[in-house]
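So you can see what is in the structure, the chains are spelled out below.
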Amino acid sequence: MSDDVSRHKKQVAKLRHGTVIDHLSPGMALKALEMIGVPKHSAALIGVNLASAKAGRKDILKLENIELSDEQIDNLAVLGPSATVCYIREYEIVKKVRVKLPEVLEGVLRCPNPNCITNHDRLTTSFDVERTSPTQVRCTFCERLISEDDIVLL
Ligand SMILES: [Zn+2]
């Protein structure tokens, strides 16, 4: 185990119970936090633009006393296709999963096209995932193609 990995493990282990989302794309941690929300009994720690051993820069989000649903984990993939989710119990990582972008994202994103029907009628937004790393999704209603940097959460 390299020094880097052991140091990282220690950092993660500070969380007693909760979830760590690692390897989010740079600048996406705040969006992830917005997507998940922080209930009153919880706390969140955000790391933005940290150096990553794997690839360039990354964001990291640590959530105390929060467990994510499978759907939330899937949706996180839009904010970092190579993100990982670690579950922490009593300072130990008990489970680690990689996010996987679903084929269709429903009710997660807002369409940036002001003329799109989803911005006028109360319709659940729907996007087909066309590419990952970098992510590209297409609105099922107006067919606008949206790249990772232009993604807006509902
Ligand atoms: Zn649209």
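Definitions and limits used
- Residues numbered from 1 in each chain as written.
- Predicted model: local features only at pLDDT ≥ 70, side-chain atom pairs only at ≥ 80, totals over all residues.
- Heavy atoms only, no water.
- Pairing = 2+ DSSP bridges.
- Helix = DSSP H or I, 4+ residues; strand = E, 2+ residues; numbered from the N terminus.
- Axes fitted to C-alpha atoms, helices over the stretch in contact; angles between N-to-C directions.
- Buried < 20%, exposed > 50% of the residue type's maximum accessible area, 1.4 Å probe, protein only.

Caption draft 1: Spotlight on the sheet that holds strand β6 (residues 104-106). Across the sheet, 4 strands lie side by side as β6-β8-β9-β10; this open sheet has antiparallel pairing. Unpaired on one side and paired on the other, β6 and β10 (145-147) mark the two borders of the sheet. On average, each strand axis in the sheet is tilted by 30° relative to the strand beside it, whichever way the strands run. Inspection of the sheet shows strand β8 (residues 126-131) paired to strand β9 (residues 136-139) by 4 bridges, in the antiparallel sense. From the neighbouring strand, Arg-131 faces β9, where its bridge partner is Gln-136.

Caption draft 2: Here's a closer look at the pairing of strand β4 (residues 84-89). In terms of residue burial, β4 counts as a mostly covered element, since 5 of its 6 residues are buried. As paired elements, strand β1 (residues 18-24) and β4 share 5 bridges and run antiparallel to each other. Its bridge partner being in β4, Asp-22 is matched across the sheet by Thr-84. Here 6 bridges tie β4 to strand β5 (residues 92-98), and the two strands are oriented antiparallel to one another. Its bridge partner lying in β5, Tyr-87 is registered against Lys-95. If you look at the hairpin formed by β4 and β5, you'll find 2 residues sitting between the two strands, and Glu-90 has a positive phi there, around 45°.

Structural measurements only, silent on function.
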